[in-house]
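# Coordinate analysis (summary)
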Amino acid sequence: MSFHIAGLAEADAVLDADPFAVVVGMMLDQQYGMEHAFRGGWKVRSRFGTLEPAAIASADPEAFKELCSTPPAIHRFPGSMAARLQELAALVVERYDGDVTRLWTEATSGKDLLTRVQELPGFGKQKAQIFVALLAKQLGVRPEGWEAAAGDYALEGYRSVADVVDGESLLKVRDFKQQKKAAAKAAAAEG
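Description of the structure in this document. (Residues numbered from 1 in each chain as written. Predicted model: local features only at pLDDT ≥ 70, side-chain atom pairs only at ≥ 80, totals over all residues. Heavy atoms only, no water.)

### Concerning unusual backbone geometry
Rule in force here: Strands here are runs of E lasting at least two residues and helices are runs of H or I lasting at least four, both read from the DSSP assignment and numbered beginning at the N terminus. Throughout, exposure labels follow a simple rule: accessible area from a 1.4 Å probe, protein chains only, divided by the maximum for the residue type, with under 20% read as buried, over 50% as exposed, and the rest as partly exposed.
Following proline 71, the chain continues to proline 72 via a peptide bond in cis, the omega torsion being -10°. Of note, glutamine 31 is a non-glycine position whose phi angle comes to about 50°, a positive value. Residue placement: glutamine 31 occurs in the loop between α2 (19-28) and α3 (34-37). Residue classification places glutamine 31 among the exposed residues on the basis of a relative accessible area of 54%. Not every positive phi belongs to a glycine, and aspartate 97 is a case in point at roughly 50°.

### A few points about the packing of aromatic side chains
The condition that has to hold: In this analysis, rings of Phe, Tyr and Trp, with Trp reduced to its six-membered ring, are considered paired at centre separations within 6.5 Å, and the interplanar angle assigns stacked below 30 degrees, edge-to-face beyond 60, and tilted for intermediate values. Charge over a ring is defined by NZ of Lys or CZ of Arg lying within 6 Å of the ring centre and within 35 degrees of the ring normal.
Tallied over the entire structure, the rule returns three aromatic pairs. Seen from their ring centres, tryptophan 104 and phenylalanine 131 are 6.2 Å apart, and the 65° between their planes marks the pair as edge-to-face. With tryptophan 104 in helix α8 (residues 102-105) and phenylalanine 131 in helix α10 (residues 125-139), the pair connects residues that are 27 residues apart, well separated along the chain. Taken individually, tryptophan 104 and phenylalanine 131 each receive the classification buried, so the pair is uniform in this respect. Residues phenylalanine 123 and phenylalanine 131 carry aromatic rings whose centres are separated by 5.9 Å and whose planes lie at 75° to one another, so their mutual orientation is edge-to-face. This pair shows no difference in class: phenylalanine 123 is buried, exactly as phenylalanine 131 is. Put simply, the rings of Trp104, Phe123 and Phe131 touch in pairs and so form one group of aromatic residues. A cation over an aromatic ring shows up here: lysine 127 above the ring of phenylalanine 123, its NZ or CZ 5.6 Å from the ring centre.

This is the structure in structure tokens:
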């Protein structure tokens, strides 16, 4: 499977080659365009020379923050996201000996996978469900019960980044999100 989330061949190639880049992209996917978020790993690797979690975790925080803030920054809040990325890398080193794939390859069930993902910095329940769906739909990681763990994000359609396989599906996901926001806004105005 080749990723087509970042909308930039070089960044998608990093997603294909480095599973940690996928986790980084998911972490950065908040209050920021999803294709830009998923370019984060590529930006860090291009500037830092590696995406190795141990190297990121042990980097000087100020120097790493500066690297992440250099235009084009890794996020619209590059300073706080640089710190969160270092936290994420440290957790991967501590719990999984630097091998992020152990997060999902050692999960015993969909529920266990969801719990493991929710332990990552910046991954609340919804983001964790989306990531479980992304692992299943794009990487074939499907422990028993993954559908229940992912909730509606397991369904066919264009609900989240898990469903982005090309430019057209990216637009459909973006439309779906806009419709949900509009519906929520209308409901709030009525209530």
